[in-house]
Amino acid sequence: MKEKPTALYDVPGPRAKRRNLLYTLLFLLAVAGLIWWVLATLADQGQLEWAKWSPFFTDSRTWTTFLLPALKNTLIAAALSVVIALPVGALLGIGRLSDHVWIRGAAGTIVEFFRAIPVLILMLFANAAYSEFTDISPENRPLYAVVTGLVLYNASVLAEVVRAGILSLPRGQTDAAKAIGMRKGQTMTNILLPQSVTAMLPALVSQLVVIVKDTALGGAMLGFSELLASVRPMSANYGANTIASFTVVAVIFVILNFALTTFAGWLERRLRRAKKSTGAVVGADAVEELATPGEHMGPADGTK
């Protein structure tokens, strides 16, 4: 069967196919060799012994004492950061599109400033500020510092995502809203934002995954008892099983982020199906309420 030509690339011929197959096999052999070398090195170091891995399968205290409390702290910090960063980022993104220079300039300054600072430095500054100017207990201070740093940085990034999503919509959407007499705020909330959510969703999910992973910075520098920080006490209590502990923690992070991206993919498909099924952005009732012929337009026949 003859392959269909494509405008994106030339269809490979028999020699190119053989060459591509050879490259694929060489790559797979190289990967297999690397995996074998890593496993052999770990075996020589005694890191693959069952005694180092068995606590995660036979001792429930590994989970109840170390992993589950640490996972709870990670989820709390990530959830608080997401709940705060999303609306703040949306407001900053909308502010950057404002017609008022002072609003646009203030929002742009905030976004560019906090987006340029590494999130770890923001956490350290927040921790020092809470220690100096508040009476937050030392036990709760790392959580406050982690959430503050994550919110400041990720809200600035999400602001750019929101701004780009709104600007990606066709200009005709705004022009049509103006034609029926909608104010800019009504256009933003009723037309532009609902439509841009689908376009923004992949970037939003990517940033939410970053938030979940960046909670580990608080454990590394601030003593926050998150998931990655549980490796050190587990390794101390179960015979220096550092590799096993890191592997289990990494698997938990993968499961968390995979669940998040899977849910986002399902939500995106649902939103796209809903958009195709409705075929309308603003309902007729909403249009009638927002712009009546007596207030914003002439009569239906176009006479004044």
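Remember, predicted model here, so these are calculated numbers, not experimental data. (Residues numbered from 1 in each chain as written. Predicted model: local features only at pLDDT ≥ 70, side-chain atom pairs only at ≥ 80, totals over all residues. Heavy atoms only, no water.)

### Observations regarding the overall build of the chain
In terms of regular secondary structure, the chain is built from 12 helices and zero strands. In the chain, the succession of α and β elements from N to C terminus is α-α-α-α-α-α-α-α-α-α-α-α. Taking all 304 residues of the chain together, 35% fall into the buried category. Accessible surface, the chain as shown: approximately 19,000 Å² in total, 66% of it carbon and sulfur. (Helix = DSSP H or I, 4+ residues; strand = E, 2+ residues; numbered from the N terminus. Buried < 20%, exposed > 50% of the residue type's maximum accessible area, 1.4 Å probe, protein only. Areas by Shrake-Rupley, 256 points an atom, 1.4 Å probe, with all protein chains shown as cover.)

### Quick word on the pattern of salt bridges
Overall, the coordinates contain six salt bridges when judged by the stated rule. The partner of arginine 115 in a salt bridge is glutamate 112, and the shortest N-O contact between them spans 2.9 Å. Placement of both arginine 115 and glutamate 112 in helix 5 (residues 101-116) is noted, with a separation of three residues, approximately one turn of the helix. Each of the salt bridges in this network shares a partner with another, and the network as a whole consists of Arg96, Glu112, Arg115, Glu160 and Arg163. (Salt bridge = Lys/Arg side-chain N within 4 Å of Asp/Glu carboxyl O.)

### Focus: the packing of aromatic side chains
On inspection of all chains with the given rule, the structure shows five aromatic pairs. Look at phenylalanine 66 and tyrosine 238: their rings are 6.3 Å apart centre to centre, the planes differ by 80°, and that puts the pair in the edge-to-face class. Placement of phenylalanine 66 in helix 4 (residues 61-95) and of tyrosine 238 in the loop between helix 10 (231-237) and helix 11 (242-278) is noted, with a sequence separation of 172 residues between them. Both residues of the pair, phenylalanine 66 and tyrosine 238, belong to the buried class. (Phe/Tyr/Trp six-rings, centres within 6.5 Å; stacked < 30°, edge-to-face > 60°.)

### Examining the side chain of aspartate 59
Residue position: aspartate 59 is located in the loop between helix 3 (55-58) and helix 4. At 3.1 Å, the side chain of aspartate 59 forms a polar contact with the backbone nitrogen of arginine 61. Reaching out from aspartate 59, the side chain makes a polar contact with the side chain of tyrosine 238 at a distance of 3.2 Å. Those residues in contact with aspartate 59 that sit more than four places away from it in its chain are Ser54 and Tyr238. (Polar contact = N/O pair within 3.5 Å; in protein donor to acceptor, adjacent residues only side chain to side chain. Contact = heavy atoms within 4.5 Å.)

### Comments concerning a nonpolar patch on the surface
On the surface, Leu21, Leu25, Phe27, Leu28, Val31, Ile35, Leu39 and Leu48 cluster together into a nonpolar patch covering about 740 Å² of accessible area. By secondary structure assignment, the location of isoleucine 35 is in helix 1 (residues 14-44). (Patch = residues over 30% accessible without salt bridge, like charges linked within 9 Å, V, L, I, M, F, W, Y side chains within 5 Å.)

### Quick notes on the packing of helix 6 (residues 119-133) against helix 7 (residues 141-167)
When two helices pack together, you describe them by how their axes are tilted relative to each other and by the distance separating the axes. The interhelical angle for the contact between helix 6 and helix 7, taken along N-to-C directions, is 135°, at an axis separation of 8 Å. One way to sum up the angle between helix 6 and helix 7 is to call them oblique. The way helix 6 lies across helix 7 gives a crossing that is right-handed. Contacts between helix 6 and helix 7 involve Val119, Leu122, Met123, Ala126, Asn127, Tyr130 and Ser131 from the former and Arg141, Pro142, Tyr144, Ala145, Val146, Thr148, Gly149, Leu150, Leu152 and Tyr153 from the latter. When its residues are assigned to classes, the contact of helix 6 with helix 7 shows 12 nonpolar, four polar and one charged. (Axes fitted to C-alpha atoms, helices over the stretch in contact; angles between N-to-C directions. Parallel < 35°, antiparallel > 145°, perpendicular 65-115°, else oblique. Left-handed = near helix turned anticlockwise from the far one by under 90°. Nonpolar A, V, L, I, M, F, W, Y, C, P; charged D, E, K, R; others polar.)

### Things to note about the nonpolar core
Ranked by size, the top nonpolar core spans 33 residues in total, and within it Leu67, Val146, Leu227 and Val249 carry the most contacts. Apart from residues lying up to four places away in sequence, leucine 227 is in contact with Leu67, Ala70, Leu71, Thr74, Val249, Ile252 and Phe253. Among the nonpolar cores identified, the runner-up in size contains 15 residues, and Ala85, Met182, Leu192 and Leu204 belong to it. (Core = buried A, V, L, I, M, F, W, Y, C linked by side-chain atoms within 4.5 Å.)

### Some words on the packing of helix 7 against helix 9 (residues 184-221)
Where helix 7 meets helix 9, the axes come as close as 8 Å, and the angle between the chain directions of the two elements is 150°. Overall, the two elements helix 7 and helix 9 adopt an arrangement that is roughly antiparallel. Remark: the crossing between helix 7 and helix 9 carries right-handed chirality. Split by residue class, the contact of helix 7 with helix 9 holds 16 nonpolar, six polar and one charged.

### A word on helix 6
Here helix 6 is 15 residues long and its end C-alpha atoms lie 21 Å apart, about the 21 Å a rise of 1.5 Å per residue gives. Buried residues along helix 6 sit against helix 5, helix 7 and helix 9. (Expected span 1.5 Å × (residues − 1).)

### Quick notes on the environment of leucine 152
One can find leucine 152 in helix 7. A residue is classified by how much of its surface remains accessible, and leucine 152, at 29% relative accessible area, is partly exposed. In this view, leucine 152 contacts Phe114 and Leu122; residues no more than four positions away in its chain are not counted.

### Focus: the side chain of asparagine 154
Inspection of the secondary structure assignment puts asparagine 154 in helix 7. At a separation of 2.6 Å, a polar atom in the side chain of asparagine 154 contacts the side chain of glutamine 207. Those residues within four positions of asparagine 154 in sequence are excluded, and the remaining contacts are Ala85, Gln207, Val210 and Ile211.

### Here we look at the confidence of the model for the chain
Low-confidence regions, as indicated by low pLDDT, have predicted coordinates that should not be scrutinised in detail. Predicted confidence across the chain gives a mean pLDDT of 82, with 87% of residues reaching 70 or more. The element-level mean pLDDT for the chain is lowest in helix 12 (residues 284-290), coming to 47, with helix 6 highest at 93. When the criterion is pLDDT under 50, residues 277-284 qualifies, and its contacts beyond four places in sequence or with other chains add up to seven contacts. Contacts for the low-pLDDT stretch residues 290-304, under 50 throughout, to residues beyond four places or in other chains number 16 contacts. (pLDDT = per-residue confidence, 0-100.)

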